[in-house]
Amino acid sequence: MLEVRDIHKSYEGQPLLMGISFTLEPRQTICLLGPSGSGKSTLLRIIAGLETAERGQVLWQGRDLAGTPPHLRDFGLVFQDYALFPHMDVADNVSFGLKMKGWPDDDRTSRLAEVLELVNLSGFEHRDVTALSGGEQQRVALARALAPRPRLLMFDEPLGALDRALREELIGQLRLILHRTGIPSIYVTHDQEEAFGIAHRILLLHEGRIVRAGEPHHVWARPGSTWAAGFLGLGNILPATVLDTRARMKTRCGIFVVHCAHQHHVGDEINLLVRPKAVAQGTLFKGIVRDRVFEQDEFKITLSNGLYFYLAQAPHVGKGITIRVRMECLGRRSDSEAPGS
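Let me sum up the structure you'll find in this document. Here the structure is a predicted model, which means the values were calculated and not measured.

## So, the nonpolar core
Ranked by size, the top nonpolar core spans 51 residues in total, and within it Leu-33, Val-90, Val-94, Leu-142, Leu-146, Phe-155 and Leu-204 carry the most contacts. Here the element with the most residues in this core is helix α4 (residues 134-146); it accounts for six residues. Excluding its chain neighbours within four sequence positions, the residues that come into contact with Leu-204 are Leu-33, Arg-209, Ile-210, Val-211, Arg-212, Trp-227, Ala-228, Phe-231 and Leu-232.

Written as structure tokens, this is what we have:
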């Protein structure tokens, strides 16, 4: 359906996107996840036709879109700042694209009612958009993008201006809407909760490259690099040295046996990921509680060795603790930024 092939782009003489390639399948939502400056919004604008790549192609069903202007690509866009027309009411905002395409009045009226019901805004037709809440304005923006029945939807940090509770609510609503409409989508965000809550597939961008790609649960289970594990907040990053061929690793917290798929040599400097959740079977850690804080429904404890863990019940500061957790190898430190698969 959509294929992005070897996209390159520079900004002020510095590379911004370096060889970005991926495909988007029918009914699929792909999330471009990464920190500010990773090039994800620029990539979205290139796909939309709002910017041009220095090299590479954007294809729709095998046809290169290089000569197709943005308004003829039939792609819907939803932005963080909503981009609503303040002098128009809800109905006129949502119907704007339909008028530009020359839809008859009866068809516009029918489609308006349909999309407002889809985003749970029936009865809002004559409301002033400036008097709506942030969540309501974003749903108007979504309705406007959906109205012309685009063949692709693109979201650029759409929930970034909303508070946490409203973001969580709208993530669920948006996921259901995309499922019901079946429109393939590309969703740009720096927020892991949004990405994992809405995407069928995640592309993790770092410094202009895709460093990890996969289904959300696969990315979470196997981040592929130290940078990815740190960005996703998956746990403690523990430097280690390979002691021998029996998979013994020396760390500041002791010596551990960590079996992995990497080809290590004695003396290799590697990074280990120590997951913060307790498990029934795993690597044993002991330590003194240096700090503890209650976060939502569990305690985050920090031990004297600097590692942190999450527990439903936790001893007070100064007490000893024993915990079993998952530990995995992230590869050699010199390879920590290498692209994942």
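Structure shown, so let's carry the discussion forward.
## Here we look at the packing of aromatic side chains
Under the criterion given, the structure shown has nine aromatic pairs. Pairing Trp-60 with Phe-75 gives two aromatic rings, centres 5.6 Å apart and planes at 55 degrees, and the pair type is tilted. Highlighted residues: Trp-60 in strand β4 (residues 55-60) and Phe-75 in strand β6 (residues 75-79), separated in sequence by 15 residues. We note that Trp-60, like Phe-75, is buried. Taking the centre distance of 5.1 Å and the plane angle of 10 degrees together, the rings of Trp-227 and Phe-231 count as stacked. Taken together, the positions of Trp-227 and Phe-231, both in helix α8 (residues 226-231) and four residues apart, correspond to about one turn of that helix. Grouping residues by exposure puts Trp-227 and Phe-231 together as buried. Put simply, the rings of Phe-256, Phe-285 and Phe-309 touch in pairs and so form one group of aromatic residues. Here Arg-127 stacks its cationic end above the ring of Phe-124, 4.2 Å away from the centre of that ring. The lysine or arginine in question, Lys-300, covers the ring of Tyr-308, its NZ or CZ lying 4.6 Å from the ring centre.

## So, the packing of α4 against helix α5 (residues 164-181)
One can describe the packing of α4 onto α5 by two numbers: an axis separation of 11 Å at closest approach and a directional angle of 15 degrees. The angle between α4 and α5 places the two elements in the roughly parallel class. As α4 runs across α5, the sense of the crossing is right-handed. Touching Gly-135, Arg-139, Leu-142 and Leu-146 of α4 are Leu-166, Leu-170, Gln-173, Leu-174, Ile-177 and Thr-181, all from α5.

## Here we look at the pattern of salt bridges
Taken as a whole and assessed by the stated rule, the structure comprises 16 salt bridges. The residue Glu-51 makes a salt bridge to Lys-9 at a minimum N-O spacing of 3.9 Å. In this pair, Glu-51 is assigned in the loop between α1 (40-48) and β4 and Lys-9 in strand β1 (residues 2-11), connecting sequence segments 42 residues apart. For Glu-51, a relative accessible area of 24% puts it in the partly exposed group.

## Regarding the sheet that holds strand β8 (residues 185-189)
If you trace the six strands from one edge of the open sheet to the other, you get β6-β7-β8-β3-β9-β10, paired in mixed fashion. Lying at the two open borders of the sheet, with one neighbouring strand each, are β6 and β10 (209-214). Ignoring strand direction, the axes of neighbouring strands in this sheet form an average angle of 15 degrees. Here strand β3 (residues 29-33) pairs with β8 via five bridges, running parallel.

## With respect to α5
An ideal rise of 1.5 Å per residue puts 26 Å on 18 residues; α5 measures up with 26 Å between its terminal C-alpha atoms. What α5 keeps buried is the set Arg-167, Leu-170, Ile-171, Gly-172, Leu-174, Ile-177 and Leu-178. Looking at the packing, one finds that the buried side of α5 touches β3, α3 (105-118), α4, β7 (152-156), β8 and α6 (192-198). Trailing α5 by a residue or two, Gly-182 shows a phi angle of about 75 degrees, which is positive.

## Examining the pairing of β7
Extensive coverage of β7 is indicated by the burial of five of its five residues. Two elements, β6 and β7, share five bridges in a ladder whose sense is parallel. Its bridge partner being in β7, Gly-76 is matched across the sheet by Leu-153. Pairing geometry for β7 and β8, over four bridges, is parallel. Bridge pairing in β8 places Phe-155 opposite Tyr-187. Taking the sense of rotation as the criterion, the β-α-β connection linking β7, α5 and β8 turns out right-handed.

Reading the values: rules and limits
- Residues numbered from 1 in each chain as written.
- Predicted model: local features only at pLDDT ≥ 70, side-chain atom pairs only at ≥ 80, totals over all residues.
- Heavy atoms only, no water.
- Core = buried A, V, L, I, M, F, W, Y, C linked by side-chain atoms within 4.5 Å.
- Buried < 20%, exposed > 50% of the residue type's maximum accessible area, 1.4 Å probe, protein only.
- Helix = DSSP H or I, 4+ residues; strand = E, 2+ residues; numbered from the N terminus.
- Contact = heavy atoms within 4.5 Å.
- Phe/Tyr/Trp six-rings, centres within 6.5 Å; stacked < 30°, edge-to-face > 60°.
- Lys NZ or Arg CZ within 6 Å of the ring centre and 35° of its normal.
- Axes fitted to C-alpha atoms, helices over the stretch in contact; angles between N-to-C directions.
- Parallel < 35°, antiparallel > 145°, perpendicular 65-115°, else oblique.
- Left-handed = near helix turned anticlockwise from the far one by under 90°.
- Salt bridge = Lys/Arg side-chain N within 4 Å of Asp/Glu carboxyl O.
- Pairing = 2+ DSSP bridges.
- Expected span 1.5 Å × (residues − 1).
- Right-handed = clockwise from strand over helix to strand, strands pointing away.

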